[in-house]
Amino acid sequence: MAVSTEELKQRIEAGIPGTRAQVTGDGAHFEAVLEGPAFTGLSRIAQHKLVHDVFGTELGDRIHALSIKITPTEA
Amino acid sequence: MSDSASNPMREAIQSAISDNPVILFMKGTPEAPACGFSARTVAILESLDQPFAAVNILPDPAIRQELSDLSGWPTIPQLFVDGELVGGCDIVTEMYQSGELAQLLGVEGGAPSEPQDSADPAPLTIENLL
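Described in the following lines is the structure provided in the data block.

About the cut-offs
- Residues numbered from 1 in each chain as written.
- Chains lettered and ligands numbered in written order.
- Predicted model: local features only at pLDDT ≥ 70, side-chain atom pairs only at ≥ 80, totals over all residues.
- Heavy atoms only, no water.
- Contact = heavy atoms within 4.5 Å.
- Buried area = accessible area lost by both parts, 1.4 Å probe.
- Salt bridge = Lys/Arg side-chain N within 4 Å of Asp/Glu carboxyl O.
- 1 Å grid on protein atoms, 1.4 Å probe; cavity = no way out; pocket = protein on both sides within 12 Å on 5 of 7 lines; lining within 4 Å.
- Points joined across faces, edges and corners; volume = space filled by probe spheres on them.
- Buried < 20%, exposed > 50% of the residue type's maximum accessible area, 1.4 Å probe, protein only.
- Helix = DSSP H or I, 4+ residues; strand = E, 2+ residues; numbered from the N terminus.
- Axes fitted to C-alpha atoms, helices over the stretch in contact; angles between N-to-C directions.
- Parallel < 35°, antiparallel > 145°, perpendicular 65-115°, else oblique.
- Left-handed = near helix turned anticlockwise from the far one by under 90°.

Attention now goes to the interface of chain A and chain B. Opposite the 15 residues of chain A that make contact, chain B presents 17 residues. Taken together, both faces of the contact between chain A and chain B bury some 1,200 Å²; the carbon and sulfur share is 56%. Summed over the three residues of chain A that lose the most area to chain B, namely Arg44, Ile45 and His52 of chain A, the buried surface amounts to 44% of that side. For the interface between chain A and chain B, the tally reads 2 salt bridges.

In structure tokens, the structure reads:
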């Protein structure tokens, strides 16, 4: 099943409470711009891993490429 | 769970990460990247005049499998500095733009640098390490 930007947005927002996601993409390459308090105080690696954990093995497979830009916000 | 002690591919990857202060696992080679994200990461390292070892993960799917198991990072490219995962293309790009990458690598970001020892970064193939 094709991946939609709406699916990615909903799953990120459901999977990382308090996060707002804007997702753009063409079905294979996506870009997610995220902001939320869950990222505050984490290293970049840890911030990205929160997002990776939402999708698990789908990343790099069903979701071919997901570029992530994160802005931590105050809780 | 595979036991790393009996896993030559994982050992080869771990050794490559330990033995090379700056190592990039990528799709394709620095001369011929096979993916836009790998290409961008290579371009950033080259713009900093940073020599780096490069491993093409494409020839054997087991390289990527073991690398991701080892690093906990699902996608390619992956940049390691001093044995630590720095991140993929997004993180490397952000750190480049902020100057943190130059700081981490100990190079002067943006400024013309002294000509380095012009030894080309030796392409590294995991297969050859086995």
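Each pocket or cavity is described by its volume, and for the largest pocket that value is around 320 Å³. Lining the largest pocket, in full, are Gly56, Thr57, Leu59, Gly60 and Asp61 of chain A together with Arg64, Gln65, Ser68, Asp69, Gly72, Trp73 and Pro74 of chain B.

Looking now at helix 4 (residues 89-98) of chain B. Among the 10 residues that make up helix 4 of chain B, 7 are buried, leaving the element largely enclosed by the rest of the structure. What helix 4 of chain B keeps buried is the set Cys89, Asp90, Ile91, Val92, Thr93, Glu94 and Met95 of chain B. Those residues of helix 4 of chain B that are buried lie in contact with helix 2 (44-55) and strand 3 (65-72) of chain A together with helix 2 (36-47), strand 3 (78-81), strand 4 (84-87) and helix 5 (100-105) of chain B.

As a further point, take the pattern of salt bridges. Residues and elements named next belong to chain A. Following the criterion strictly, the structure yields 10 salt bridges over all chains and no others. Across the pair arginine 20 and glutamate 35 runs a salt bridge, and its minimum N-O distance is 2.3 Å. One end of the pair, arginine 20, is in strand 1 (residues 20-25); the other, glutamate 35, is in strand 2 (residues 29-36), and 15 residues separate them in sequence. Since its relative accessible area comes to 29%, glutamate 35 is described here as partly exposed. Arginine 62 is the partner of glutamate 58 in a salt bridge, and the nearest nitrogen-oxygen pair spans 2.8 Å. If you follow the salt bridges from partner to partner, you end up with Glu7, Arg11, Glu58 and Arg62 in one network.

Moving on, we come to the packing of helix 1 (residues 8-19) of chain B against helix 3 (residues 61-71) of chain B. Residues and elements named next belong to chain B. Where helix 1 meets helix 3, the axes come as close as 9 Å, and the angle between the chain directions of the two elements is 65°. By the angle between their directions, the pair helix 1 and helix 3 is classed as roughly perpendicular. Remark: the crossing between helix 1 and helix 3 carries right-handed chirality. From helix 1, Met9, Arg10, Ile13, Gln14 and Ile17 reach across to helix 3, where they touch Ala62, Ile63, Glu66, Leu67, Asp69 and Leu70.

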